[in-house]
Every structure is written in structure tokens, then in C-alpha cells.
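Coordinates in review
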Amino acid sequence: QVQLVESGGGLVQPGGSLRLSCAASGSYFSDYTMAWYRQAPGKQRDLVAIIDRVGSTNYADSVKGRFIISREIAKNTVYLDMNSLKPEDTAVYYCNAGVPSYRLNSGAYWGQGTQVTVSS
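Residues numbered from 1 in each chain as written. Predicted model: local features only at pLDDT ≥ 70, side-chain atom pairs only at ≥ 80, totals over all residues. Heavy atoms only, no water.

Quick notes on the side chain of Ser21
Spelled out, the test is: Secondary structure elements follow DSSP: runs of H or I of four or more residues count as helices, runs of E of two or more count as strands, with numbering from the N terminus. What makes two residues a contact is simply this: any of their non-hydrogen atoms within 4.5 Å.
Relative to the assigned elements, Ser21 resides in strand β3 (residues 18-24). Those residues in contact with Ser21, other than ones at most four positions away along the chain, are Val5, Glu6, Ser7, Trp36, Thr77, Val78 and Tyr79.

This is the structure we're talking about:
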């Protein structure tokens, strides 16, 4: 099993910034593919950003140039730096970990979610 604990959500004005953090349990964090998803009320959960085991990243078109995903392997933590926030970024943000099939705890794991609200 992998436990994921998110933090850093909150209320921010349009144009502002927030940093989300997700701390993961487990001994092989460097093997995990880590991602951030978000879900707005009444909508499906969508991928926001992803970073794979070699550090390659990818982003949803709606956040490219504004959000940055990064990881700190020594701390088993992945971050999402969100800049130039817009009201449409308002959602619950979820951390996701993908553990590869060669690990005993392979599978996909989710955090509990953290609310981000962008409003004046």
C-alpha cells in the first residue's frame, strides 16, 4: 500500500499562486509515476500534470505555462506549483501515484484531495 497525504490548498485571488504538496509512503518513490488530477463540482476528474520515474513531465493544455509539477525524491514528495490562477482552476485536487508492476505494491493510489478555490 501507498499512502498519499496532500496539503497546500486554500482560497486565493485570481492571478495568485499556490503550491500543493503530496507526501507518499513507501521505499521506492523514485519508481513511482506521480500525477495531479482535479475535479470541479459536477465534472469528471481530469489529469492536470504528470511526472514519470525519469522526471519527464506533461500537462493539460489548460495549465501549460502556468503550473509546474516537480518532485523531491529525498522527501518522497511531489509538488504542484500553480501560478496565474483563474476561477476555472477551482476544484478539488487529487494526488495520484502509479507503482510499476515489478513492485509488490503495484497499482494506482489516490490521496484524499485538497480544495483549491480561486475567487475574489
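Observations concerning the environment of Lys64
The criterion, for reference: Each polar contact in these results corresponds to two N or O atoms within 3.5 Å; when the atoms are within protein, one needs to be able to donate a hydrogen and the other to accept it, and residues that are neighboring in sequence are counted only if both atoms are side-chain atoms.
Residue placement: Lys64 occurs in the loop between β6 (57-59) and β7 (67-72). C-alpha separation for the pair Lys64 and Gly26, spaced 38 residues apart in sequence, amounts to 30 Å. Within polar-contact distance, the side chain of Lys64 engages the side chain of Asp61 at 3.2 Å.

A closer look at the nonpolar core
Where a protein is soluble and globular, its nonpolar side chains tend to be buried together. Just so we agree on the cut-off: The nonpolar core is taken to be a set of buried Ala, Val, Leu, Ile, Met, Phe, Trp, Tyr and Cys residues, with the residues joined through side-chain atoms within 4.5 Å. Buried means the residue's accessible area, taken with a 1.4 Å probe over protein chains only, is under 20% of the maximum for its type, while exposed means over 50%, and partly exposed covers the values in between.
Judged by nonpolar contacts, the single largest core of 30 residues is most densely connected at Leu4, Met34, Trp36, Leu80, Met82 and Tyr93. Every element with two or more residues in this core is listed here: β3, β4 (33-39), β5 (46-51), β7, β8 (77-82), β9 (91-99) and β11 (114-118). Apart from the residues lying within four places of it in its own chain, the contact partners of Met34 are Leu4, Cys22, Phe29, Ala49, Ile50, Ile51, Ile69, Val78, Cys95, Asn96 and Ala97.

A few points about the environment of Asn58
One can find Asn58 in strand β6. Using a relative accessible area of 45% as the deciding quantity, one classes Asn58 as partly exposed. Linking Asn58 and Val48, residues 10 residues apart in sequence, is a C-alpha distance of 8.5 Å. Other than its neighbours up to four places away in sequence, Asn58 contacts Val48, Ala49 and Ile50.

Quick look at unusual backbone geometry
What you tend to see is this: most non-glycine residues have negative phi, and most peptide bonds are trans. The backbone of Asn76 sits at a positive phi, close to 50 degrees, despite the residue not being glycine. Structurally, Asn76 is set in the loop between β7 and β8. Overall, Asn76 belongs to the buried group, its relative accessible area being 17%.

Digging into the pattern of salt bridges
Oppositely charged side chains are able to pair whenever their charged atoms sit close together. Formally: One speaks of a salt bridge when a side-chain nitrogen belonging to Lys or Arg is within 4 Å of a carboxyl oxygen belonging to Asp or Glu.
Scanning the model with the defined rule gives seven salt bridges in all. For Asp81, the salt bridge is made with Arg19, and the minimal N-O distance between the two is 2.9 Å. With Asp81 in strand β8 and Arg19 in strand β3, the pair connects residues that are 62 residues apart, well separated along the chain. Between Asp31 and Arg103 there is a salt bridge, with its nearest N and O atoms 2.6 Å apart. Taken together, the positions of Asp31 in the loop between β3 and β4 and Arg103 in the loop between β9 and β10 (107-110) put the pair 72 residues apart, joining distant regions of the chain. Residue classification places Asp31 among the buried residues on the basis of a relative accessible area of 8%. In this structure Arg103 comes out as partly exposed when scored by relative accessible area, which is 22%.

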